[in-house]
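Take a look at the letters that make up each chain.
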Amino acid sequence: MWNKNVPLRLLRLTFGLFVLSAAIVLQINANLGYAPWTVLNHGIHRQTGMTIGQASILVSAIVIGIDLIAKEKIGMGTITNMILTGIFTDWIIAWDILPHAAGLADGLVLICASIVTTGFGVYLYIGAGYGAGPRDSLMVAAIKFSGKPLGLCRSSLEVCALALGFLLGGSVGIGTVVLSLCTGIVMQYIFKLFKFNPKTIKHEYLDDQIKQLISLKKAHV
């Protein structure tokens, strides 16, 4: 049956990914260096001519492939994150609706806006309960296989993405440092502001949804 909460959850998921895409464009427009994964996307863009959004989809697809090999569960939100974040990022860049920095001060303001916007976007899309993003699932896999703490695994993955992106010509600067140091802290404050605990969210994963569909089909046979 079509649950009445599903349309609202899908709207929340989609809007959350749009907000995340806006955060990516804000850091691009700041012109002070990007967050580690965006550095990688930018490096691929510079080497291949792909758009930032297309590069994001490519990287996310590779990460999801690794997630599946590591037997991590993925949800509709994981797939949607891969596709819509890339599409929305290219759309927002093409529409040119967000401000561009004219100097260092403007750039830092946009970096701060990007950090806050990222936290709000994650709050929205994670709260929809359709699974974590590709990179979050990869982080969980790294924790399981290495036995190392969350912070170390997340930092190690971001350092790898940053290093590869830098070698490919991605933009690194003071904005990269600020984004890397402050995003997690600000995100925690935003979660606290909305009294949101991501650990309490019961996610629906693709394998669970497939089993439910099979059960419904058998029940109607």
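**Q** A description of the overall build of the protein chain should follow, citing residues and the corresponding values.
**A** For the protein chain, the count of helices and strands is nine helices and zero strands. Walking the protein chain from its N terminus toward its C terminus, one meets helices and strands in the order α-α-α-α-α-α-α-α-α. Relative to its length of 221 residues, the protein chain is compact, with a C-alpha radius of gyration of 18 Å against a globular reference of 17 Å. Seen through its principal axes, the protein chain has C-alpha atoms that stretch 65 × 35 × 35 Å. Looking at the protein chain as a whole, 43% of its 221 residues are labelled buried.

**Q** How would you sum up the side chain of glutamate 72? Please name residues and give values.
**A** You can see glutamate 72 is positioned in the loop between α3 (52-69) and α4 (76-95). For glutamate 72, a relative accessible area of 11% puts it in the buried group. Beyond its immediate chain neighbours, meaning those up to four positions away, glutamate 72 contacts Asp67, Ser137, Val140, Ala141 and Lys144.

**Q** Lay out the packing of aromatic side chains with the relevant residues and their values.
**A** Aromatic ring pairs: the centre-centre distance and the angle between the two ring planes describe each pair. What the rule picks out here adds up to eight aromatic pairs. Between the aromatic rings of phenylalanine 191 and phenylalanine 196, the centroid separation amounts to 5.0 Å while the plane-to-plane angle is 80°, which identifies the pairing as edge-to-face. The residues phenylalanine 191 and phenylalanine 196 share a single accessibility class, namely buried. Each member of the aromatic cluster is reached from another via a ring pair, and the members are Phe120, Tyr123, Phe191, Phe194 and Phe196.

**Q** Any chance you could break down the state of the cysteines for me, citing the residues and the numbers?
**A** Applying the stated criterion to the full structure yields zero disulfides. Cysteine 112 carries a free sulfur, and the closest cysteine sulfur to it, the one in cysteine 182, is 7.4 Å from it. Note on cysteine 160: no disulfide assigned, nearest cysteine sulfur contributed by cysteine 153 at a separation of 11 Å. Here cysteine 160 falls in the exposed class, since its relative accessible area comes to 52%.

**Q** Quick one: what's the story with a nonpolar patch on the surface, residue by residue and with numbers?
**A** Judged by side-chain polarity, Leu58, Ile62 and Ile66 come together as a nonpolar surface patch covering roughly 250 Å² of accessible area. Classification of leucine 58 as partly exposed rests on a relative accessible area of 36%.

**Q** Tell me about the side chain of threonine 176, and please be specific about residues and values.
**A** Here threonine 176 is to be found in helix α8 (residues 174-193). Setting aside chain neighbours within four positions, we find threonine 176 in contact with Leu32, Gly33, Tyr34, Val39, Leu162 and Ser171.

**Q** Lay out the environment of alanine 141 in plain terms, naming residues and giving numbers.
**A** Here alanine 141 is to be found in helix α6 (residues 134-146). Its relative accessible area of 5% is what places alanine 141 among the buried residues. Put simply, alanine 141 and glutamate 72 are 69 residues apart on the chain and 6.6 Å apart in space, counted from C-alpha to C-alpha. Each residue touching alanine 141, except ones within four places of it in the same chain, is listed here: Ala70 and Glu72.

**Q** Can you tell me about the confidence of the model for the protein chain, naming the residues and giving the values?
**A** The predicted structure's coordinates, where accompanied by low pLDDT, should not be read in detail. Averaged over the protein chain, the pLDDT score is 90; the fraction of residues at 70 or greater is 91%. Highest mean pLDDT in the protein chain belongs to helix α2 (residues 36-48) (97); lowest belongs to helix α9 (residues 206-219) (65).

**Q** Describe the environment of alanine 94, listing the residues and the values that go with them.
**A** Structurally, the position occupied by alanine 94 is in helix α4. Alanine 94 gets classed as exposed once you look at its relative accessible area, which sits at 62%. Distance in space between the C-alpha atoms of alanine 94 and methionine 187 is 28 Å, their sequence separation being 93 residues.

**Q** Can you explain the pattern of salt bridges? Please cite residues and give values.
**A** The final tally for this structure, using the stated rule, is three salt bridges. The closest approach of N and O atoms between glutamate 204 and arginine 9, which form a salt bridge, is 3.0 Å. Of this pair, glutamate 204 sits in the loop between α8 and α9 while arginine 9 sits in helix α1 (residues 5-30), placing them 195 residues apart in sequence. Exposure remark for glutamate 204: the relative accessible area of 28% places this residue in the partly exposed category. In this structure, lysine 144 engages glutamate 72 in a salt bridge whose closest nitrogen and oxygen atoms are separated by 3.1 Å.

Quick notes on the rules
Residues numbered from 1 in each chain as written. Predicted model: local features only at pLDDT ≥ 70, side-chain atom pairs only at ≥ 80, totals over all residues. Heavy atoms only, no water. Helix = DSSP H or I, 4+ residues; strand = E, 2+ residues; numbered from the N terminus. Rg over C-alpha atoms; globule rule 2.2 N^0.38 Å. Buried < 20%, exposed > 50% of the residue type's maximum accessible area, 1.4 Å probe, protein only. Contact = heavy atoms within 4.5 Å. Phe/Tyr/Trp six-rings, centres within 6.5 Å; stacked < 30°, edge-to-face > 60°. Disulfide = S-S within 2.5 Å. Patch = residues over 30% accessible without salt bridge, like charges linked within 9 Å, V, L, I, M, F, W, Y side chains within 5 Å. Areas by Shrake-Rupley, 256 points an atom, 1.4 Å probe, with all protein chains shown as cover. Salt bridge = Lys/Arg side-chain N within 4 Å of Asp/Glu carboxyl O. pLDDT = per-residue confidence, 0-100.

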